[in-house]
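# What the coordinates show
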Amino acid sequence: MNRCGLLTTSKEPVPLKGIEVELEVKDHVATVVSTLHYENKEDKAIEAVFVFPLPGDAAVCHFSAKVGQTEIVAEVKEKQEAREEYDDALSSGQQAFLLEESDQSPDIFSLSVGSLPPGESASVRLEYVTELALQADDALRFCLPAVLNPRYQPQGSEGGAVQLTSVPASQVPYSLSFSARVSSPRQVSRVESNCSLEPLQYLNVEQSQAAVKLAAGHKFDRDVELLIYYKDAHQPAAVVEAGQASAEPGTLMGDAVVMLSVYPEFPQAVMSSLASSGEFVFLLDRSGSMACALNKNQQRETRISSARDTLLLLLKSLPMGCYFNIYSFGSSFEHIFPKSVEYSEKTMEEALKKVKEMQADLGGTEILQPLKHIYSQPCIPNHPRQVFVFTDGEVGNTKEVMSLVKKNSNSHRCFSFGIGEGASTALINGLAKEGGGHAQFIAGADRMQAKVMQSLQFALQPVVEDISVKWDLPKGVSVSVLSPPLTAIFQGQRSLIYAQLTGQSPEAADGCVSVKYRLAGHPYHNQLHFPLQPTKETGLTIHRLCARTLIRCLEAQETERSREQDETVKTQVVDLSVQSGVSSSFTAFIAVHKASKEAIQGPLLRRNVPVPSNCNLGAVMAMGVPCRSFGAPRRCMAYDNSADDVDAEQPEDLVRGSMGMKKGTQQQAAKSRGGVFHSLKKKFQGRGKERDVQRMRNSADTLPSASPPPVDPFLQLVSLQKASGSWELNPALAAALGKTSEEVEKMRPASANKNVWATILALVWLHGFKWDAEVEWKLLVRKAVSWLLAQKAPVTDCVVAGNTLLGCDVQKHILGL
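Just so we're clear, the structure is a prediction, and the values are computed from it rather than from any experiment. (Residues numbered from 1 in each chain as written. Predicted model: local features only at pLDDT ≥ 70, side-chain atom pairs only at ≥ 80, totals over all residues. Heavy atoms only, no water.)

## Let's talk about the side chain of Asn40
Operational definition: Helical segments are the DSSP runs of H or I of at least four residues, strand segments are the runs of E of at least two, and each set is numbered from the N terminus. Buried, partly exposed and exposed residues are distinguished by accessible area as a fraction of the type maximum, computed with a 1.4 Å probe on protein chains only: under 20%, between the cut-offs, and over 50%, respectively. Here, two residues are considered to be in contact whenever any of their heavy atoms come within 4.5 Å of each other.
Looking at where Asn40 falls in the secondary structure, it is placed in the loop between strand 2 (29-39) and strand 3 (46-53). Overall, Asn40 belongs to the buried group, its relative accessible area being 1%. With residues near it in sequence (within four places) discarded, Asn40 still touches Ala45, Ile46, Leu116, Pro117, Pro118, Gly119 and Glu120.

Set out below in C-alpha cells:
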C-alpha cells in the first residue's frame, strides 16, 4: 500500500511536507517569514486548504507562491472580490492561492492552494510583523502559535465553522525548522524557550547580535515560545521611519511615521502603598476543555485544578475592606453570590468551599453572557471594579466579546489569562487592551499562580487617571496619532504609541512628546526627546504596524455603528489595507498563476489534514476552525464529494453545508464555496464541543483511576490563613510545616500569643523554604505583617524560636517586622 506522507483517517495522503520559519527580532519588533512546502503525490489534482493560527496583533504584509521557477506575488483585494477571482481561476484551470483572515477572530487565517496537479510541488511564503510583549522579568516574549484549539461558536452567533479531524501530535510527520536572529543596541544576555534549542551563537564582539535555532525533532504539541533578555533595562525610545518613495505624500504610506515606547516609572512612595479598596470579580472558564492537562509533562495537573489553586491564592491575598464575587461559565454561567460582597472571614470561607467543588463540567465556552451580567451590576462607590478572566481561549465570537468589553471600559479594568497551549491571542490580548488591564499567557511549565499574582499587584496599584499625550514638533510638521488613546499605565510596563508625521523638518530637528497623568491625586509627567531623522534599518516595518493599528481601530468602530456607517468604515479599511499591503477582516491576499492553464478532469480533490490533538476532545469538532501549527495546517482538505470522505457521525445536512460539495462540475463547486469561513447552518453551531466533552468523559470512565496529586505544602499552608492575614495554632498548621503539634507547642515562647506564634511560623517557613515563589505569597505576607504590627506584641523571641524549630535563618527585618 502506498502511504506517502501523513494520511487522514480515511487513508488519504496529505501534501504538506515541511515548514520553515525565520524570525528576525530588532529590539522589540519581530519580522516572521514562514515558508510552507507542498507536494501532490496523488494521481489527481487537489485543492489544499489550511487553517492556522497567527498572533492576534500580527500585521500580515506579504504573501507569495512559487511554482517551479515562477514566483507569483499576491495582491490585497476586497475579500469577496478575491474569493471570486480565486474561484474563477480554478474554474478556468489556473492555479490560484488565497490567504484570508477570519471574519470572527484576527488570530485565525485560511490558506487555499488551488489546483495543484499530480506530481507537482509548490511553496507558499507569508510574512508578518509584530511587537514583542514585555514580561514582568523584563524578558521580551515571542510566540510562534503551534496549536489552534477548536473555537466554541455560541448558539445564534454569526460566523463560520469548519470540520477537522484530529490525531495525536506524535503522528504529525511534516517537519518544522525554526531559526531566529536577534539584534539590539544593547547586549543580548540570553534566550530561553519552552522547546529544545541549539546553543546561542553571538554574531559580533559586542554580543548585540545573536542567532539561535530550534533543535531537530520538534513535536507539534506546544506553541514555540522564545524569551529574549537584554543586558540593560528597557528605556523609553522613539523610532522614526521614512515614507515610501512611490506613495503619495499626505497618505499613511507616503509620510514618515513614529513608534514611541513609553516605560513609566512611578515614585516608590506611591507604589509601596497598595490599594485596600476595590471590587474584584473573578470569571473562571469551566468548559470541558479546562479538564485538559496544563503541562504535557505533568498530566495530573489540569487547567481547572491549577485555576482552583490560583483562586485560593487570590482570595487569601485580597485586602480587608474590598468587595468580591466569583463567576464561572461554560454553556451557561453561575455566580457564588447574587452580587459582590464585602471581603470577610465568612464570605472568604464560603467562596473557597464552592471553589473547591468547581469542575470543568459546564459544556461550551460562552463568555458573552456572564460578562453582560457582570456589567449590568451597579458599581460600588469608591471601589473600582477589576475583572479577572481565566480561560483557555476557545471562543468563536471574539469580536462580539471585544465590543462588549470596550463599551464598558469606563466602569472597570480587565485582566486576562490565557490558559494552556493554543489560547486565543486575539481574545486574551483584546480583553486586556479594551479593558485597560494586563494580559498573561500560561502554558508549558509556567505556574499560573505566579503570573496571576503579578497581575493582582498591578490591579492593586493606584489607578492612573487623566492620561494625556502632548507633542512638541518643529514648525511645518504636524502629527496624527494612530493608536487608541492611552487608558491604562502600569509601573514597569511598556505602552506603545504610533503616529503619522506630515510635513518636512530640518535634518537636525528634534521632536518631544510628554505623557501627563495623575497618580494618587498628584500630577506627574514623563518626557521623551527624539530626533526626527528617519532610521534606515526598518524598511517599512513601522508603517505596517501603524497600518495594522489603524485597521484594528476602524474594525472595532464597525461593530458599533449603523449599517450605512458600517459601509463607510469598511471602505476605509479596504482602502487602507490595499494601500499598505496589510491584511484585514475585509480583505484577502490573492495570487493567480496565469501561465498555468491545464484542463482539470472532474472536481478537485480536497484533503483533510488531521489536527494534532492537544486535549483528546474527540475526533471531529463542528465549531470554529481548529488548526495546528503556524503555517502548519490544521487542515489541508481535499474534497472528494463522496460520503466516505466525511466522518459518518456528521449529520448529512452539516456535511452538505459550506464544507461539503455536491457532485457536479468544478465550476459549480467553485461558485458555491465562497470562502472557508462561510457559515454552516446555525442549528449545528455550538454542538460539537458538548459532544466531544461527553466522549472524553465516557473514555475516561474506562481508564484506571489515577492517584490524586500530592498535596502541595505551600498551598496547604496558604489555605489555613485567615482573611485578616493571621494563622491559628492547630494540628493542620503543624502538619503543613512538617512538624507535630507537640513540637510546635514545645517551642512556643511562654509569653507569645498562640496566633502571633502561628503567624510568625508561617512567615518564617515561607521566607525560608519558598523564597523563590515570593511573587505568589508577597501580598498575603504583607497582610500578615500588617496584622502582626496591629497586635503590638513582642515578636523577637518568636522569630528566634521559629528559626530554631524550622531550621531556618530568617532575620526579623526580612519579615518586615
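The discussion continues.
## Some words on helix 19 (residues 796-806)
Here helix 19 has its buried residues at Cys798, Val799, Ala801, Gly802, Asn803, Leu805 and Leu806. Backbone geometry just after helix 19 places Gly807 at a positive phi near 75°.

## Here's the deal with the pairing of strand 27 (residues 412-419)
As a reminder, the rule being used: Being paired, for any two strands, means DSSP has found at least two bridges between them. Look down the strands so they point away from you; if going from the first strand over the helix to the second traces a clockwise path, that crossover is right-handed.
Of all 8 residues in strand 27, 8 are buried, a share of seventy percent or more. Neither face of strand 27 is open: one carries His412, Cys414, Ser416 and Gly418, the other Arg413, Phe415, Phe417 and Ile419, and all of them are buried. Bridging between strand 26 (residues 385-391) and strand 27 involves 7 bridges; their strand directions are parallel. Pairing of Phe390 across the sheet is with Phe417, part of strand 27. Considered for its hand, the β-α-β crossover made up of strand 27, helix 7 (residues 425-434) and strand 28 (residues 439-442) is right-handed.

## Here's the deal with the packing of helix 8 (residues 448-460) against helix 18 (residues 774-791)
As a reminder of what qualifies: A fitted line through C-alpha atoms represents every axis, and for helices the fit uses only the stretch in contact; the resulting angles, taken between N-to-C directions, go from 0 to 180 degrees. Reported orientations rely on four angle classes, namely roughly parallel under 35 degrees, roughly antiparallel over 145, roughly perpendicular from 65 to 115, and oblique for the rest. Handedness of each helix crossing follows the sense of rotation of the near helix against the far helix: counterclockwise by less than a right angle gives left-handed, clockwise gives right-handed.
Put simply, helix 8 and helix 18 touch, their axes get as near as 8 Å, and they point 45° apart. Classified by the angle their axes make, helix 8 and helix 18 are oblique. As for the relative orientation of helix 8 and helix 18, their crossing is left-handed in sense. Contact residues: helix 8 offers Gln449, Ala450, Met453, Gln454, Leu456, Gln457 and Leu460, while helix 18 offers Val775, Glu776, Lys778 and Leu779.

## Considerations on the environment of Val67
For Val67, the position within the fold is in strand 4 (residues 59-67). A sequence separation of 49 residues divides Val67 from Leu116, and the C-alpha atoms of the two residues are 9.5 Å apart. In this view, Val67 contacts Ile72, Gln95, Phe97, Glu120, Ser121, Ala122 and His593; residues no more than four positions away in its chain are not counted.

## Some details on the pairing of strand 9 (residues 121-131)
In terms of residue burial, strand 9 counts as a mostly covered element, since 8 of its 11 residues are buried. Here strand 2 pairs with strand 9 via 11 bridges, running antiparallel. Directly across from Val33, in strand 9, lies its bridge partner Glu127. Across 7 bridges, the pairing between strand 4 and strand 9 is antiparallel. Each bridged residue has a counterpart across the sheet, and for Ala59 the counterpart in strand 9 is Val129.

## Remarks on the nonpolar core
We count it as follows: Nonpolar core, defined: a set of buried Ala, Val, Leu, Ile, Met, Phe, Trp, Tyr and Cys residues in which side-chain atoms within 4.5 Å join the residues together.
Core analysis: the largest hydrophobic core is formed by 81 residues, its most contacted members being Phe280, Phe282, Phe390 and Trp727. Per-element accounting of this core gives the leading share, 10 residues, to helix 17 (residues 754-769). Those residues within four positions of Phe390 in sequence are excluded, and the remaining contacts are Phe282, Leu283, Leu284, Asp285, Thr310, Leu314, Phe329, Phe417, Ile419, Met448 and Val452. Within the second largest apolar cluster, 57 residues are counted, among which are Ala30, Phe50, Phe52 and Leu605.

## Quick notes on the sheet that holds strand 29 (residues 464-472)
Here 3 strands make up an open sheet; going across it, the order is 29-32-33 and the pairing antiparallel. Looking along the sheet, the strands with just one partner apiece sit at the ends: strand 29 and strand 33 (522-531). Taking the axes of each pair of neighbouring strands and ignoring which way they run, one obtains an average angle of 15° across the sheet. Sheet topology places strand 32 (residues 510-519) next to strand 33; 10 bridges connect them, and they run antiparallel. Paired with Val515 across the two strands is Asn526, which belongs to strand 33.

## Overview of the sheet that holds strand 19 (residues 256-262)
Ordered in space as 18-19-31-30, the 4 strands form an open sheet in which the pairing is antiparallel. A single partner strand is all that each edge strand has here, and the edge strands are strand 18 (237-241) and strand 30 (478-481). Adjacent strand axes in the sheet meet at a mean angle of 25° when their direction is disregarded. In this structure, strand 18 lies alongside strand 19, joined through 5 bridges in antiparallel fashion. Within the sheet, the bridge partner assigned to Ala237 lies in strand 19 and is Ser261.

## Structural notes on helix 3 (residues 303-317)
Our working rule: To estimate how far a helix should extend, the number of its residues minus one is multiplied by 1.5 Å.
The end-to-end C-alpha separation of helix 3 is 21 Å, in line with the 21 Å expected for 15 residues at 1.5 Å each. A large share of helix 3 lies buried, amounting to 14 of its 15 residues.

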